[in-house]
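A closer look at the structure
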Protein chains: 2
Amino acid sequence: MSQFLVKVFIRLRPSVLDPAGEAIKSAANKLGVDGINSLRIGKLIETELEASHENEVKEKIELLCDRLFANNVIEDYEYQLEKK
Amino acid sequence: MSQFLVKVFIRLRPSVLDPAGEAIKSAANKLGVDGINSLRIGKLIETELEASHENEVKEKIELLCDRLFANNVIEDYEYQLEKK
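Owing to the predicted nature of the structure, the values given are computational and were not obtained by experimental measurement. (Residues numbered from 1 in each chain as written. Chains lettered and ligands numbered in written order. Predicted model: local features only at pLDDT ≥ 70, side-chain atom pairs only at ≥ 80, totals over all residues. Heavy atoms only, no water.)

Opposite the 33 residues of chain A that make contact, chain B presents 33 residues. Across the chain A to chain B interface the summed buried area is about 2,900 Å²; carbon plus sulfur atoms make up 60%. Our enumeration of links across chain A and chain B arrives at four salt bridges. With a closest N to O distance of 2.7 Å, Arg11 of chain B and Glu46 of chain A form a salt bridge. Inspection of the region where chain A meets chain B yields 18 residue pairs in polar contact (both at pLDDT 80 or more). Elements that contribute at least two residues to the side of chain A that touches chain B include exactly β1 (2-12), α1 (19-30), β2 (36-51) and α2 (54-69) of chain A. Considering each element in turn, the side of chain A that touches chain B owes the most residues, 15 residues, to β2 of chain A. Pairing of β2 of chain A with strand β2 (residues 36-51) of chain B involves 13 bridges; the strand directions are antiparallel. In the strand pairing of β2 of chain B, Ser38 of chain A is matched with Glu48 of chain B. (Contact = heavy atoms within 4.5 Å. Buried area = accessible area lost by both parts, 1.4 Å probe. Salt bridge = Lys/Arg side-chain N within 4 Å of Asp/Glu carboxyl O. Polar contact = N/O pair within 3.5 Å; in protein donor to acceptor, adjacent residues only side chain to side chain. Helix = DSSP H or I, 4+ residues; strand = E, 2+ residues; numbered from the N terminus. Pairing = 2+ DSSP bridges.)

Shown next as structure tokens:
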């Protein structure tokens, strides 16, 4: 069994509004930081898991993303994996 | 002025408990996905901003991270920037 480190990036789909991101964007302007054209908030899930090969990790992560991590209706996911 | 794409990763400090991450970890076990040693949930903030040079972007992002994006008491941040 090998140990893998996986980073999952979960983003709202481009067509979905992000009111929290908009709030931060306008707070940034009030703080004097200008020039922000867009700002979106997503999730970062980092997990360490054991598996015998890379394909097993991919299967596990895709199942977890589809069923637990992301809401497929409004979110997209992407992941990077690294053998430790 | 150039356009920069910045990805900010915000993580709970290692000493801070992550009950939401623990809940997902145990839900993953119930789903039949075993071998997960750790799972932590963080934030991903992606922003597009204008600035005249890279140092200006770094200054802006560090100010935003310290004041708006992250809670310094319990979170750490890291960022990557890319010129568009």
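Picking up after the structure, the text goes on.
Ranked by size, the top nonpolar core spans 20 residues in total, and within it Val8, Ile45, Val57, Ile61 and Phe69 of chain A together with Ile36 and Leu39 of chain B carry the most contacts. Those elements that place two or more of their residues in this core are β1, β2 and α2 of chain A together with α1 (19-30) and β2 of chain B. Residue contributions to this core peak at five residues, all from α2 of chain A. Within the second largest apolar cluster, 18 residues are counted, among which are Ile24 of chain A together with Phe4, Val57 and Ile61 of chain B. (Core = buried A, V, L, I, M, F, W, Y, C linked by side-chain atoms within 4.5 Å. Buried < 20%, exposed > 50% of the residue type's maximum accessible area, 1.4 Å probe, protein only.)

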